[in-house]
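Structural overview
Residue-level listing of the chains:
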Amino acid sequence: MAYDPNNIFARILRGEIPCNTVYEDAHTLAFHDIHPQAPVHILVIPKGAYVSVNDFAANASDTEIAALVRAIGKVAAAAGVAEDGWRLLSNVGTNGHQEVPHLHFHIFGGRQLGGMLPRRD
Ligand code: AMP
């Protein structure tokens, strides 16, 4: 899948659309999800133009990868969920139900999150 420079997170990164920022560094931005599904629901994204984990793992620099992983840890700690537990999720592609084609990790926390996936039976 090619990167679409007009996706909503690219527009946030360019300052065309506001977001509720919780963390920013040279390579990473984190902001509150606009439709939170838990008391804590934060998105962590790279500033680089990567569609998904597939793209990021193959093409991002070690510096970008380290920055994103460290940002996730910092954001979770700052959100106060590190002690009680939380969930890190990245949806990829059609089967993963990815809606925004710019890599993002969801941080969920603040309540009991239940099983990992809904049952199909
Ligand atoms: P995904 O299905 O993993 O691609 O999730 C995309 C997420 O982006 C959803 O949880 C949306 O609520 C969230 N989202 C979409 N637009 C915005 C926005 N402008 N600001 C913050 N979060 C957004």
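In this report, the structure presented in the accompanying data block is examined. (Residues numbered from 1 in each chain as written. Predicted model: local features only at pLDDT ≥ 70, side-chain atom pairs only at ≥ 80, totals over all residues. Heavy atoms only, no water.)

Focus: the nonpolar core
- Of all hydrophobic cores here, the largest spans 17 residues; its most connected members are Val-44, Leu-68 and Ile-107.
- Every element with two or more residues in this core is listed here: strand E3 (40-46), helix H3 (62-79) and strand E5 (105-109).
- Sorting elements by how many residues they give to this core places H3 first, with 5 residues.
- In this structure, Leu-68 is in contact with Thr-28, Val-44, Ile-45, Pro-46, Phe-56, Leu-103 and Phe-105, ignoring residues within four places of it in sequence.
- With 7 residues, the next largest nonpolar core counts Phe-9, Leu-29, Leu-43 and Ile-45 among its residues. (Core = buried A, V, L, I, M, F, W, Y, C linked by side-chain atoms within 4.5 Å. Buried < 20%, exposed > 50% of the residue type's maximum accessible area, 1.4 Å probe, protein only. Helix = DSSP H or I, 4+ residues; strand = E, 2+ residues; numbered from the N terminus. Contact = heavy atoms within 4.5 Å.)

What to know about the site of the ligand
- As a structural note, the neighbourhood of the ligand is formed by 17 residues, with Asp-33, Asn-91, Glu-99, His-104 and His-106 the closest of them.
- At 2.8 Å, a side-chain N or O of His-106 approaches an oxygen atom of the ligand.
- Coverage of the ligand by the protein chains reaches 88% of its 510 Å² of free accessible surface.
- Using a 2 Å cut-off from the grid points, one finds that the ligand occupies the largest pocket.
- Ranked by residues supplied to the shell around the ligand, first place goes to helix H1 (residues 8-13) with 3 residues.
- Of the residues contributing to the shell around the ligand, the split by class is 7 nonpolar, 8 polar and 2 charged. (Near = heavy atom within 4 Å. Polar contact = N/O pair within 3.5 Å; in protein donor to acceptor, adjacent residues only side chain to side chain. Areas by Shrake-Rupley, 256 points an atom, 1.4 Å probe, with all protein chains shown as cover. 1 Å grid on protein atoms, 1.4 Å probe; cavity = no way out; pocket = protein on both sides within 12 Å on 5 of 7 lines; lining within 4 Å. Sits in = over half its atoms within 2 Å of the grid points. Nonpolar A, V, L, I, M, F, W, Y, C, P; charged D, E, K, R; others polar.)

Some words on the layout of surface pockets
- Roughly 1,000 Å³ of internal volume is contained in the largest pocket.
- Around the largest pocket sit 34 residues that line it, and Asp-33, Gln-37, His-41, His-106 and Phe-108 are the ones nearest its centre.
- Elements supplying a minimum of two residues to the lining of the largest pocket: H1, strand E2 (28-32), E3, strand E4 (86-89) and E5. (Points joined across faces, edges and corners; volume = space filled by probe spheres on them.)

So, the pattern of salt bridges
- Scanning the model with the defined rule gives 3 salt bridges in all.
- Glu-16 serves as the salt-bridge partner of Arg-14, at 2.7 Å between the closest nitrogen and oxygen.
- Here Arg-14 falls in the partly exposed class, since its relative accessible area comes to 43%.
- A salt bridge links Glu-24 to Lys-47, with the shortest nitrogen-to-oxygen separation between them at 2.7 Å. Taken together, the residues span a long stretch of sequence, with Glu-24 in strand E1 (residues 21-24) and Lys-47 in the loop between E3 and helix H2 (53-59) at a distance of 23 residues.
- Of the residues examined, Lys-47 reaches a relative accessible area of 31% and is grouped as partly exposed.
- In the salt-bridge network here, residues are joined through shared partners; they are Arg-11, Arg-14 and Glu-16. (Salt bridge = Lys/Arg side-chain N within 4 Å of Asp/Glu carboxyl O.)

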